[in-house]
Amino acid sequence: MELTRSSSRVKFARQMSMELEKEKELLTVAVCQMTARSDKEENFNVCKKLINIAKNKGAKMVFLPEACDFIADNKEQTKHLAEDLSGDLIQRYKSLARDQQMWISLGGFHEKGPANDLNRIQNSHVVINGAGEISSVYRKIHLFDVTLQTGQKLHESEYVIPGTVITSPVDTPVGKIDLCYDVRFPEFSIALTQMGAEILTYPSAFTVSTGMAHWEILLRSRAIENQCYVIAAAQTGIHNEKRQSYGHAMIVDPWGAVIAQCHEGTDIAVADIDLSFLHKIRRDMPVWFHRRKELYEPGTSVEPIGELEQYKFDILVSPIRVAKRICDLTQIEIADLFSCVQKMQMLVEKEYNATSSTITVQDGIDAGQSVTHVHVHVLPRKPGDFAKNDDIYRELQSHDKVEKGIRSDEEMASEAKILMEKYYIKKCDELTLFQMLAKMGNIKAKERYEKQVPICYRRPTNSDVQVLKEQWIRGKYEREEFVDADKQVYLSGKVDGYLWKRGKEDEKFQPRKFVLSETDDILKYFVKENKDPKAAIKISELNASLVPDKIGNPNGMQICYIKDGSTRNIYVYADDGRDIVNWYMAIRSAKLNRLRVAFPGANDSELVQRLTRDFPKEGWLHKTGPRNGDSYKRRWFTLDDRKLMYMEDPLNAYAKGEIFLGYHNDGFAVRFGVPPGNKEQSFTFTLRTPDRLFLLNAESEEDREEWLIALQKVIERPLTPQDNTIAVNLVRKRSSSTPKLLSWKT
């Protein structure tokens, strides 16, 4: 049974077929530059020629500039020449894409306005896929209104309808692409990157004066701050007596380097998109994990916090930044908070068919505030919902004082995220989470929507990675996986699909087909489908762990197993969070069934503890060599149960060394500092084994404390038969003749 969605499957299959022809996969794109005028036929012929050139250069996708259909001489001509998306011009581009089997980005199409606003047009960015279908349409949000020093007025708002929706990134053969014009608005590109964009597009028709001053600076800035590729097709030259464009169409990589640029006049430039390079930059400089948006981005959090009584639901809205009282908020935060309250009020009243709401703030301890963080309660009201209207305030006063089956913090946070997504992006076009919870109540909802949770399914806790928490909620309420066991594809015992796998040598992520067979106890993957598998791993002997931060992708997973006496690490990720969680659960399911056969008398509750394990501690440490006087070298350390691995890079396929951690009665210990006569550093500690002393230095006092606690917990735990097996299978990297360090007497 296929784990991946059809769109991802098609994408990977296409890329895999290309890889069969070439040893190295090249994701080539082409950016175009032209001088459009009011002759639509002439402009189409120019674009057709550029597309043909791009095809001959091996491009998988071609990007045309803003107004690639025409640039009119005046506003009236613009309105007259505009077409619908079902018009002749779009049909010709769709045929061209289908004939050439390549994706086309029409950077700017003058689309007729709706029937109620035919006097204006829409500036639309249209993406057509290789099958000749429209994959996405973005309508320009920020309009260009400016009066130049020459007196010339360029006011788009006079004849263009502004867009109202930020379009989600489009999954294409070259990566996830956003549809955008708005290069001067960094908030826009940040929002798109947070939605998964890997390539930002800025089709344009910049004026000469603004282009000379800002064009390249803006494009390189957007690339650097978002760690994305930027593709900017451009108009150039004289269009008519009133209008001239700057040109300089270019492609910028995630490091901010211009890797392709068009020459003057009509031209085309090509470049290769290397997504592994992008992921490496995001991993090595993880700015997205360092952001403190609660400090500089005013915003609100919305949480469904549980029922006051059956069928009465309380929505809580609070600012992201922690503030005790309303008087502690800035004016901007207050405006944002109550704007969100208003939106939530309209939403919940619609969902409950209510015409009234109670909106209340308990501002301060004496007013009944029990959580010292400003929050607003929004409660939809109906006739007779309380015997006396003011009873609602007594209920509010006591609702968090008595246990009533209220959900966990992480579950409510994930549900709120889904609600916000449906409200702001999908505009409530389907049944919302609120409807279900209002009708069912908390306890009843759990009874129904968690009715058939398999024992192997890992229920997330607050400390777990986001993808696990999010898919748990989506699985419950959106897909209803735990209502219908047939939807639990990870229990089938035989699954296959494509994952992005990091190469051992070239360190690039490439699509690889993975096949899991519970019957054969094998997980294998293929470099080429018509060849033997590259590796066949015993499921019963592997470990899988979700490691988004380490891989630099929210859907990242690490698979470990012993090969030839050393731990082999495989790093993969999926395009979709659901896919990677399904793979993770499929591994857990297969391991559980194998353990049931091996230990027929054991309880499932005992076996489930042995399915997969996270790494209790990872990070950079400095260690010395085995000889006195050896200098400290920076290494990445991973604590994996009783194995302490260290490597030069967090994503190395094999560790540079592995230390088995035995029981403290057998000569294992960990201590502050280093023995006398050895090099002392700022935050040193020593790990003692029967063979050697390991001198280590942490990055901070807090980090040293965490390492000492984590290692001590392992050393204090008696060995099990499984631990002894691991010790036997591991081969020490160093020679047995290596001299020991100065002994440390205890």
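Since the model is a prediction, treat every value here as computed from it, not as a measurement.

### Observations regarding the overall build of the chain
When helices and strands are tallied, the chain shows 20 helices and 34 strands. Here the chain holds 746 residues, and the buried ones make up 54% of them. Long-range contacts, defined here as pairs at least 24 residues apart, represent 62% of the contacts in the chain between residues at least 6 apart.

### Section: the sheet that holds strand β29 (residues 633-640)
Reading across the sheet, the 7 strands line up as β31-β30-β29-β28-β34-β33-β32 and stay open at both edges, with antiparallel pairing between neighbours. The outermost strands of the open sheet, each flanked by one partner alone, are β31 (657-660) and β32 (669-672). Strand-to-strand twist across the sheet, computed as the mean angle between neighbouring axes with direction ignored, equals 35°. Where strand β30 (residues 643-647) and β31 come together, 4 bridges link them in antiparallel fashion. Residue pairing across strands places Lys-643 opposite Phe-660, the latter belonging to β31. Contacts between helix α19 (residues 701-715) and the sheet are confined to β28 (617-623), β29, β30, β32 and β33 (684-688), with β32 contributing the most and set at about 160° to the helix.

### So, the sheet that holds strand β24 (residues 535-538)
The strand order β24-β23-β22-β21-β27-β26-β25 describes an open sheet built from 7 strands, whose pairing is antiparallel. Sheet topology places β24 and β25 (543-546) at the edges, where each strand pairs with a single neighbour. Strand-to-strand, the axes of this sheet are offset by a mean angle of 35°, without reference to chain direction. For strand β21 (residues 494-502) and strand β22 (residues 509-517), the ladder comprises 9 bridges, and the chain directions are antiparallel. The residue of β22 that forms the bridge with Asp-496 is Val-515.

### Let's talk about the environment of Phe-599
Tracing the backbone shows Phe-599 in the loop between α17 (577-598) and α18 (604-607). Apart from the residues within four sequence positions on either side, Phe-599 is in contact with Leu-607, Arg-610 and Gln-722.

### Thoughts on the environment of Val-170
For Val-170, the position within the fold is in strand β8 (residues 170-172). What makes Val-170 buried here is its relative accessible area of 8%. Put simply, Val-170 and Ser-136 are 34 residues apart on the chain and 7.0 Å apart in space, counted from C-alpha to C-alpha.

### Description of the side chain of His-125
Turning to its location among the elements, His-125 is positioned in strand β4 (residues 121-128). Engagement of the side chain of His-125 in a polar contact is seen with the side chain of Ser-105, the distance being 2.7 Å.

### Observations concerning the nonpolar core
Ranked by size, the top nonpolar core spans 42 residues in total, and within it Val-31, Trp-215 and Leu-219 carry the most contacts. Those residues in contact with Val-31, other than ones at most four positions away along the chain, are Phe-63, Ile-231, Ala-232, Ala-233, Ala-249, Met-250, Ile-251, Cys-262, Asp-267, Ile-268 and Ala-269. Phe-514, Leu-546, Met-585 and Ile-587 belong to the second-largest nonpolar core, a separate cluster that totals 37 residues.

### Examining the packing of aromatic side chains
Two aromatic rings are characterised by how far apart their centres lie and by the angle between their planes. Per the stated rule, a full pass over the model turns up 14 aromatic pairs. Plain terms: the ring middles of Phe-44 and Tyr-93 are 5.0 Å apart, the flat faces sit at 75° to each other, and that makes the pair edge-to-face. Pair noted here: Phe-44 is in helix α2 (residues 40-56) and Tyr-93 is in helix α4 (residues 88-100), with a separation of 49 residues, a long-range link. Judged by its relative accessible area of 2%, Tyr-93 is buried. Of the aromatic side chains, those joined through ring pairs into one cluster are Tyr-457, Trp-472, Phe-482 and Tyr-490. The residue whose ring lies beneath Arg-92 is Phe-44, and the NZ or CZ to ring-centre distance is 4.1 Å.

### Remarks on the environment of Phe-185
With respect to the helices, strands and loops of the structure, Phe-185 is situated in the loop between β9 (175-177) and α5 (186-194). On the accessibility criterion, Phe-185 (34% relative accessible area) is partly exposed. In the structure, Phe-185 is positioned 43 residues away from His-142 in sequence and 8.6 Å away in space, judged by C-alpha atoms.

Rules and cut-offs
- Starting from 1, residues in each chain are numbered consecutively following that chain's sequence as written.
- Given that the model is predicted, a residue must reach a pLDDT of at least 70 before its local features are reported, and side-chain atom pairs must reach 80 or more before they are shown or counted; all residues, however, enter totals for whole chains, interfaces and linings.
- By convention in this description, side-chain values take in all heavy atoms of the structure and omit both hydrogens and water.
- In DSSP terms, a helix is any run of H or I states spanning at least four residues, a strand is any run of E spanning at least two, and both are numbered starting from the N terminus.
- Note on classification: 1.4 Å probe, protein chains only; a residue is buried when its accessible area is under 20% of the maximum for its type, exposed when over 50%, partly exposed between these limits.
- By the convention used here, residues are in contact when the closest approach between their heavy atoms is within 4.5 Å.
- What makes two strands pair is DSSP finding at least two bridges between them.
- Axis definition: a line fit to C-alpha positions, over the contact stretch in the case of helices; interaxial angles, taken between N-to-C directions, run 0 to 180 degrees.
- Polar contact criterion, stated in full: a pair of N or O atoms within 3.5 Å, where within protein one must be able to donate a hydrogen and the other to accept it, and residues adjacent in sequence count only if both atoms are side-chain atoms.
- Nonpolar core, defined: a set of buried Ala, Val, Leu, Ile, Met, Phe, Trp, Tyr and Cys residues in which side-chain atoms within 4.5 Å join the residues together.
- Pairing of aromatic rings covers Phe, Tyr and Trp, the last counted by its six-membered ring, and requires centre-to-centre distances within 6.5 Å; plane angles under 30 degrees mean stacked, over 60 mean edge-to-face, and any other angle means tilted.
- Counted as over-ring charges are cases with an Arg CZ or a Lys NZ within 6 Å of the ring centre that also lie within 35 degrees of the ring normal.

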